[in-house]
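Chain by chain, the residues:
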Amino acid sequence: MTTELLQPGELRKVAPVFGQLSFDDHEQIVFCYDKDTGLKAIIGIHNTVLGPALGGTRMWNYATEWEALNDVLRLSRGMTYKSAVTGLNLGGGKAVIIGDAKTQKTPELMRKFAEYVHSLGGKYITAEDVGMETSDMDLVRDVTPYVTGVSESRGGAGNPSPVTAYGVFMGMKAAVAHKFGSDRMEGRTVLVQGIGHVGEALVSYLAEEGAKVYITDINEDRLEAVSDKYGAVIYAGDDLYGAEVDVYAPCALGATINDDTIGRLRAGVVAGAANNQLADENRHGLMLREKGIVYAPDFLINAGGIINVYAELEGYGRDEIMRKTENIYHTTREILADADAHECTSHQSALRVARERIEARRKEKTA
Ligand code: NAD
């Protein structure tokens, strides 16, 4: 990572934290540093009105501290709305550790990070994210109870990806019903981009219900394996965004709905697991709406993972996890109907519902 050196007495012209574009009334931002372990982390607590701020820790080799700060601000805000719209009593938070997870992550560094999490007294509860494993969360658990996503042997709820996939499937069916009048997936064509942990489980739900599934991935070995296992067709066209399918399901990267791709999209529905699918959440949401493409908001339909870890805090079991995840179907239908009624985008509608829930709780608390 590069360090930007300022001359003595030189002041940055931009406001360093509250002036960041991604700053959105965050309650608390904690910078953590430890010389011995090399820990450099930022914990972002966006909002705790509905409950403790829960969100994973991402370890990433950020090019600059600005990038790390903006990531934690953006991601923690996203967690607030994800939990709120899903009906969970959780706030939004996230942490980033600056560094290469492959070479710089040590047990000592994780334990030191856990001390910082503990010092917040439960206001922030951590979990896995990019660059983290269940075993890292187990190390954190040695130091603090404010962690989820630990091993099943230590009370963890297990792999969230199949639950996330089930929620995405439910959200997709709701969006298909909104667009085509029926939620039956039999005979529908779906292109799944990215057949990793979530994508493969999604392919399995789709295949089981008789959808015709096309798959793309940069990992060719996985393509062959998933194709053989579920009878999915490896997409052979040269422009996957222009594929003539009913549903495009982004399950790899964010920002695939952008100025370059929107004009080419032929799918009637966009519904997938990837976070931050809209490169610009307002403008690109509006462009989809104007094209008549039904968009199932990503932070709503990929909430199965957070429902799964919430179970660890609330102590409920598998049946309740799946029931809450299935409910994503109804919430998505409501949001899509609400967006039509208000002539706004589904993303804006989901945000509004989340904000209204937070505001109602805030009023109750202050009454
Ligand atoms: P994963 O790493 O297991 O799978 C991602 C897959 O996408 C891999 O197979 C990878 O080869 C493929 N890929 C990467 N770049 C690609 C590209 N340019 N084109 C096509 N394929 C590409 O990740 P995952 O856990 O399955 O998560 C998928 C997405 O869902 C991520 O954006 C993640 O943030 C989001 N998400 C996951 C969960 C969860 O429970 N795992 C929860 C919420 C959101």
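Cut-offs applied
Residues numbered from 1 in each chain as written. Predicted model: local features only at pLDDT ≥ 70, side-chain atom pairs only at ≥ 80, totals over all residues. Heavy atoms only, no water. Helix = DSSP H or I, 4+ residues; strand = E, 2+ residues; numbered from the N terminus. Rg over C-alpha atoms; globule rule 2.2 N^0.38 Å. Contact = heavy atoms within 4.5 Å. Areas by Shrake-Rupley, 256 points an atom, 1.4 Å probe, with all protein chains shown as cover. Lys, Arg positive; Asp, Glu negative; His and termini not counted. Charge placed at Lys NZ, Arg CZ, Asp CG, Glu CD. Phe/Tyr/Trp six-rings, centres within 6.5 Å; stacked < 30°, edge-to-face > 60°. Buried < 20%, exposed > 50% of the residue type's maximum accessible area, 1.4 Å probe, protein only. Lys NZ or Arg CZ within 6 Å of the ring centre and 35° of its normal. Salt bridge = Lys/Arg side-chain N within 4 Å of Asp/Glu carboxyl O. Domains from an automatic or database assignment. Axes fitted to C-alpha atoms, helices over the stretch in contact; angles between N-to-C directions. Parallel < 35°, antiparallel > 145°, perpendicular 65-115°, else oblique. Left-handed = near helix turned anticlockwise from the far one by under 90°. Patch = residues over 30% accessible without salt bridge, like charges linked within 9 Å, V, L, I, M, F, W, Y side chains within 5 Å. Pairing = 2+ DSSP bridges. Right-handed = clockwise from strand over helix to strand, strands pointing away.

With that settled, the discussion passes to the overall build of the protein chain. For the protein chain, the count of helices and strands is 13 helices and twelve strands. Relative to the globule expectation of 21 Å for 367 residues, the C-alpha radius of gyration of the protein chain, 21 Å, shows essentially globular dimensions. C-alpha extents for the protein chain along the principal axes are approximately 60 × 45 × 45 Å. Residue pairs in contact within the protein chain that sit at least 24 positions apart in sequence constitute 66% of those at least 6 positions apart. With an accessible surface of roughly 16,700 Å², the protein chain has 49% of that area assigned to carbon and sulfur atoms. Averaged over its 39 positive side-chain charges, the protein chain has a centre that lies 4 Å from the centre of its 52 negative ones.

Inspection of every chain in the model, using the stated rule, returns five aromatic pairs. Taken together, a centroid distance of 5.4 Å and an interplanar angle of 15° make the contact between Phe-169 and Tyr-205 stacked. A residue pair is termed long-range when its members are at least 10 positions apart, and Phe-169 in helix 4 (residues 161-180) and Tyr-205 in helix 5 (residues 197-208) qualify at 36 residues. Judged by its relative accessible area of 4%, Phe-169 falls in the buried class. Their ring planes at 75° and their centres at 5.7 Å tell us that Tyr-241 and Tyr-248 sit as a pair that is edge-to-face. Taking the relative accessible area as the measure of exposure, Tyr-241 reaches 15% and is therefore buried. Note on Tyr-248: relative accessible area 1%, which makes it buried. Sitting over the face of the ring of Phe-180, Arg-188 holds its NZ or CZ atom 4.1 Å from the ring centroid.

What follows is about the pattern of salt bridges. This model, assessed by the stated rule, comprises 26 salt bridges. Taking the shortest distance from any N to any O, the salt bridge between Glu-320 and Lys-324 comes out at 3.0 Å. Of this pair, Glu-320 and Lys-324 both sit in helix 11 (residues 318-326), four residues apart, roughly one helical turn. Given the relative accessible area of 24%, Glu-320 is considered partly exposed. Note on Lys-324: relative accessible area 22%, which makes it partly exposed. Counted as one network, the salt bridges with shared partners bring together Arg-58, Asp-71, Arg-74, Lys-94 and Asp-129.

This part takes up the domain arrangement of the protein chain. Domain parsing of the protein chain yields domain 1 (2-77 + 91-154) and domain 2 (161-303 + 329-354). A straight line from the C-alpha centre of domain 1 to that of domain 2 covers 30 Å.

The N-to-C vectors of helix 4 and helix 5 enclose an angle of 50°; their axes lie 8 Å apart at closest approach. When the axis of helix 4 is compared with that of helix 5, the two are oblique. Considering the relative orientation of helix 4 and helix 5, their crossing is right-handed. Touching Ser-161, Pro-162, Thr-164, Ala-165, Tyr-166, Val-168, Phe-169 and Met-172 of helix 4 are His-197, Val-198, Ala-201, Leu-202, Tyr-205 and Leu-206, all from helix 5.

So, about a negative patch on the surface. A cluster of acidic residues, Glu-220, Asp-221, Glu-224 and Asp-228, forms a negative patch on the protein surface. For Glu-224, the position within the fold is in helix 6 (residues 220-230).

This brings us to the pairing of strand 8 (residues 212-216). Both strand 7 (residues 189-193) and strand 8 contribute to a ladder of five bridges, which runs parallel. Following the sheet pairing, Leu-191 is matched in strand 8 by Tyr-214. Taking the sense of rotation as the criterion, the β-α-β connection linking strand 7, helix 5 and strand 8 turns out right-handed. Bridging between strand 8 and strand 9 (residues 233-234) involves two bridges; their strand directions are parallel. Within the sheet, the bridge partner assigned to Tyr-214 lies in strand 9 and is Val-233.

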